[in-house]
Amino acid sequence: MKFFERHKILSLFLLLFTFIFYAYFMRSVEKNPFIDKNSIHYVNDLYMSNELFYNTLSNTEKKLYSKVLNSIKEYKSSYHVHIVDDECYTLENCSMMASFVMEAVIMDHPELLQLANYSWSYNSKTDSKNVVLRFHYAVGIPVINQLGEMRIERIIDKIKKDTKDMNDIEKVKYVYEWIGNHNTYNRTFMYLESNQSAFTVFIRHHSVCAGFAKASQIIFQNIGIESYYVTGVSTGPHAFNIVKIDDKYYLYDSTVASSIKEESDFFYNGLNQKYMSSYEIDNIDLYPELDTEEIFVS
């Protein structure tokens, strides 16, 4: 007690710091009901993979997928795809399988805040057995990533409370507006690999299409909206979402909201099905058929 009496300013600072840290990172939150910590696909409490791309893989590719996912969760810098151990048998086949599996991991796991991208290489003259699959990290320090997860859980908890009495259309519009009003499109550093992570949306409040679509995907699962993280083409390579409303599926593109001020006539174009009708979708056969009814905008 004497210490606190002698150091009142420091004591007030410590009390304030403790309160802020608890509120931002430690206060109890409603958990995502889809989380299964016993699943091989579990990464963190933000999101549970729908395994959409995993289920398209062969048994051999699924084994590599699990090894790669574990390596990323452990923050390893690389994984060596072995021609015998990973059953790909030639360096060329191993490199193709590594790319295919990594794309599946990225599409299935928007909650991998640390993962930005990947690359692979091999040199048959110096190593005839391995393709080196390298992981490019958006958040390079594990403790920062963990604190980010904790903070995002509490941001999402606030969104859950705000949307609990809304219908599904209102929830989707809320998320769209939340993304747009809390973020800006990072035109200055759009090619930074960190922008490929939802971390930039929730914590730094500026990102590009991949970050916005992954963040939306994470939020949607937590507030009870079925959705898909999708890549394809609009004016160029793009990432966006598909959302389910009343057993029908619609396009959703929160990148538009982040790029345009809310008072603009074009702010809601990312919910306008006619505006997005020219979008092309990669792996379109994996997704439900889309509806074109304008349910979000009049």
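No experiment lies behind these values; they were computed from the predicted model shown.

Chemist: Would you mind going over the pairing of strand β7 (residues 237-245) with me for this structure?
Modeler: Of all nine residues making up β7, seven are buried, and the element is well covered by its neighbours. Where strand β6 (residues 227-233) lies against β7, seven bridges are found, and the strand directions are antiparallel. Within β7, the residue paired with V230 across the bridge is F240. In this structure, β7 lies alongside strand β8 (residues 248-252), joined through five bridges in antiparallel fashion. Its bridge partner lying in β8, I242 is registered against L251. Linkage of β7 to β8, two consecutive antiparallel strands, is achieved through a turn of two residues, within which D246 is found at a positive phi near 50°.

Chemist: How do you make sense of the state of the cysteines when you look at a structure like this?
Modeler: Formally, a disulfide is one covalent bond, and it connects the sulfur atom of one cysteine to the sulfur atom of another. Within the structure shown, the criterion is met by one disulfide. A disulfide bridge connects C88 with C94, and the sulfur atoms are separated by 1.9 Å. In this structure, the disulfide formed by C88 and C94 twists by about 80° around the S-S bond and is classed as right-handed.

What counts, and where the lines are drawn
Residues numbered from 1 in each chain as written. Predicted model: local features only at pLDDT ≥ 70, side-chain atom pairs only at ≥ 80, totals over all residues. Heavy atoms only, no water. Buried < 20%, exposed > 50% of the residue type's maximum accessible area, 1.4 Å probe, protein only. Helix = DSSP H or I, 4+ residues; strand = E, 2+ residues; numbered from the N terminus. Pairing = 2+ DSSP bridges. Disulfide = S-S within 2.5 Å.

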